[in-house]
Every structure is written in structure tokens, then in C-alpha cells.
Amino acid sequence: MAINWFPGHMNKARREIAKAMGQVNLVIEVLDARLPHSSENPLVVGLRKDTPCIKILNKKDLADPNVTGQWINWFNAQPGTVAVAHERLQPKATKRILGLGRKLMPADRNASKPIVAMILGVPNVGKSTIINTLTGRTLAKTGNIPAVTRRQQRIEIKGGYILMDTPGFLWPRLDPPECGLRLAMMGSIPDNVVVYEELAVFAAQTLMAHYPHLVLERYKLKEMPETPELLIEKIGEKRGCMRKGGIVDMQKASEVLVKELRSGKLGQVSLERPGRPASEI
Ligand SMILES: Nc1nc2c(ncn2[C@@H]2O[C@H](COP(=O)(O)OP(=O)(O)OP(=O)(O)O)[C@@H](O)[C@H]2O)c(=O)[nH]1
Ligand SMILES: [Mg+2]
């Protein structure tokens, strides 16, 4: 089943972003380092037009470092694109983003005027956390569920910047379906919109293909089961997700796998690599 989530507040957020864009000098587009392609909102290009843009591959602590390195090279090879990998709790690295932004400003710009930087990105990717790190205070509300920020917020900081936090927003049709699954897997779509069993099969497929060692280690398995469904069943057995009659509760087992993958308990996992399979384009 294709996952789509475009509630009214996201449409409103998009309209308000479009309205404010005229005053914006720099767009900081926050992507999830585990799924840089799927978390790159196609609406952003149309909204920012030729406003200079830095792409932040955030939550790099949760992504496979080798794959993140490939992504950074890939993005930086695209004309007019500057990309950096980033994680929270490293304020020096976060502040370097401001220096990078200054370099992207046109030479004839009045340097005494603050740079207005708008932070954009899908829900739950870490936009407000970046703002709080840059201000050194908890001014923006954060939380580990999608759609925590509900309205734009402007914050002036030292270093000649005005930062604009924005609500995370998606786009009306998450296509291909894998894109919706990846966003849901990593927490950009609320739990009541997703079917855990479906997500878990997708998670198991990805892990079996790219990170079998992490699965064997985490769930103390001697060998990899033959199918994603059998793997989920095995995880259910190991974690005591049982129903009456000794049957595995597949819903509970699915939740275990998805939540542990999402929170990094399995290790550093990337859900996509540069270049999409032809079947998905
Ligand atoms: N592991 C990890 N977690 C992070 C990182 N950055 C942010 N988070 C967590 O991700 C969750 C979402 O962060 P927010 O800053 O609220 O995300 P947001 O993009 O503002 O979300 P919305 O306002 O809902 O669009 C919080 O629990 C953060 O602590 C990071 O680099 N690594
Ligand atoms: Mg926020």
C-alpha cells in the first residue's frame, strides 16, 4: 500500500514558506543522511528558485558512514550544490554551516545586513534541533515525532544571521512507494498512517541485502532466515512477541524491528545509495 501524508497544515506551511521566500538569502535544506534522496522534498526547488542553498545530511550518527561519504561526493558534484554531513551535539560543526552560508552570498551584497536563512526539510529530520544548537538555547520546540513545529519562527542570532524555523512538510504524492516507506521507516510520517507489518518487511529486505551481519548480531541468530517474513517471525520469537498457542504476534515483532532500526539500535544503516534503481525512477 502506498503511504501518503499531506495534511492541511503542510499545505499552509508551503504557502507561508512561498510568501516569506522573497526575504530569504539562504536556504538550509535538511535531509536525513539515511535517505538523502527520499527526504529531498521536490517542492523545495520550486520554492527556493535560485536562492543559494546548503544541503545538510543530518543524523549522520545513524547512517552508514561509507554511504554518507558517497552521498556527499554525489551532491557536491551537482552544479550549484553544497552538501555537508551533520549530527546533533557537535555545536562547532553546526556553527561552521554559518561560515559556509556567508561564502555563498553574492559579492555585492550589503554585508552589514543580517543573512536571512530559512531551514527547510521533511518532518522530524532535525531542523529545530539545528536552530537550537545555533542559538545555544532551546528556543524552538523539538520532539521525536513528526510535525512538532507548526508555524514559522524567526530568531536573530550573533554572527549576522536571522534564522527561520519552518514546519516540516511533505508533498502530495510520495512516489515511488519506496520513498514513502523510507520516510515512514525513519520517522517522518506518524505511526497511525503506517502499517508496521509492511514497513517491517521493507526493513527486513533492506537489512538482508545490505547489513545481514547487523541483524545476526542484534538478534543473536546463527543464520539468516530465507525470507523477510521468516526473519520477522524469528525476531518475534527471540523477543517473546507471542500470542496464545505459541504463535508469533507479527504486529509486535514488526514494531520491534522498525523501532530498533529507526533508533539506531541495529547500528548505522543507510536506506539508499546515490542513484536510484531504474525500477524506482
Ligand atoms: N540521532 C540523532 N537524532 C537527532 C539528530 N538531530 C535531531 N535529532 C532528533 O530528531 C528528533 C526530531 O528533531 P526536531 O529538531 O524536532 O526535528 P524537526 O525537523 O524540527 O521536526 P518537525 O518540526 O516535526 O518538522 C528529535 O528527537 C531530535 O533529538 C541527530 O543528528 N542525530
Ligand atoms: Mg521542528
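Bear in mind the structure is a predicted one, so any value in this text is a computation, not a measurement. (Residues numbered from 1 in each chain as written. Chains lettered and ligands numbered in written order. Predicted model: local features only at pLDDT ≥ 70, side-chain atom pairs only at ≥ 80, totals over all residues. Heavy atoms only, no water.)

Points about the packing of helix α7 (residues 196-210) against helix α10 (residues 250-262)
Between α7 and α10, the least distance of the axes is 8 Å, while the angle of their chain directions is 55°. Compared by their axis directions, α7 and α10 come out oblique. For the element pair α7 and α10, the recorded crossing hand is left-handed. Between α7 and α10, the residues in contact are Tyr196, Glu197, Leu199, Ala200, Ala203, Ala204 and Leu207 and Met250, Gln251, Ser254, Glu255, Leu257, Val258, Lys259, Leu261 and Arg262, respectively. (Axes fitted to C-alpha atoms, helices over the stretch in contact; angles between N-to-C directions. Helix = DSSP H or I, 4+ residues; strand = E, 2+ residues; numbered from the N terminus. Parallel < 35°, antiparallel > 145°, perpendicular 65-115°, else oblique. Left-handed = near helix turned anticlockwise from the far one by under 90°. Contact = heavy atoms within 4.5 Å.)

A closer look at the pairing of strand β6 (residues 161-165)
With respect to burial, β6 is a largely interior element, 5 of its 5 residues being buried. The alternating pattern of β6 places Tyr161, Leu163 and Asp165 on one face and Ile162 and Met164 on the opposite face, and all of these are buried. Two strands pair when backbone bridges link them, and strand β4 (residues 115-121) and β6 are joined in this way by 4 bridges, in the parallel orientation. Note that in β6 the partner of Ala117 across the bridge is Leu163. Judged from the 5 bridges that link them, strand β5 (residues 153-157) and β6 form a sheet pairing that is antiparallel. (Buried < 20%, exposed > 50% of the residue type's maximum accessible area, 1.4 Å probe, protein only. Pairing = 2+ DSSP bridges.)

Brief notes about unusual backbone geometry
A cis amide bond links Asp175 to the next residue, Pro176, at an omega of 0°. Take Pro176: it is sitting in the loop between β6 and α6 (177-185). One non-glycine residue, Leu89, lies in the positive phi region at around 70°. Among the residues examined, Leu89 registers a relative accessible area of 72% and is labelled exposed. The backbone phi angle of Lys220 is positive, close to 50°, even though this residue is not glycine.

Describing the site of ligand 1
The immediate surroundings of ligand 1 are formed by 22 residues, with Arg88, Lys127, Thr129, Val148 and Thr149 found nearest. A distance of 3.2 Å separates an oxygen atom of ligand 1 from a polar atom in the backbone of Val125. Protein contact buries 92% of the 650 Å² of open area that ligand 1 shows by itself. Judged by the fraction of its atoms near the pocket grid, ligand 1 is located in the largest pocket. Among the elements that make up the shell around ligand 1, the one with the highest residue count is helix α5 (residues 127-135) (3 residues). Considering only residue class, the shell around ligand 1 consists of 7 nonpolar, 10 polar and 5 charged. (Near = heavy atom within 4 Å. Polar contact = N/O pair within 3.5 Å; in protein donor to acceptor, adjacent residues only side chain to side chain. Areas by Shrake-Rupley, 256 points an atom, 1.4 Å probe, with all protein chains shown as cover. 1 Å grid on protein atoms, 1.4 Å probe; cavity = no way out; pocket = protein on both sides within 12 Å on 5 of 7 lines; lining within 4 Å. Sits in = over half its atoms within 2 Å of the grid points. Nonpolar A, V, L, I, M, F, W, Y, C, P; charged D, E, K, R; others polar.)

What about the state of the cysteines?
Within this structure, the stated rule accounts for 0 disulfides. Unpaired in this structure, Cys53 has its nearest cysteine sulfur neighbour in Cys179, at a distance of 18 Å. (Disulfide = S-S within 2.5 Å.)

Digging into the layout of surface pockets
Taken as a whole, the largest pocket encloses approximately 700 Å³ of empty space. Among the secondary structure elements, those contributing two or more residues to the lining of the largest pocket are α5 and α10. At 3 residues, the largest contribution of residues to the lining of the largest pocket is made by α5. For the lining of the largest pocket, the residue count by class is 11 nonpolar, 12 polar and 10 charged. Taken domain by domain, the makeup of the lining of the largest pocket includes at least three residues from each of domain 1 (8-165) and domain 2 (195-274). (Points joined across faces, edges and corners; volume = space filled by probe spheres on them. Domains from an automatic or database assignment.)

Keep in mind these numbers describe shape, not what the thing actually does.
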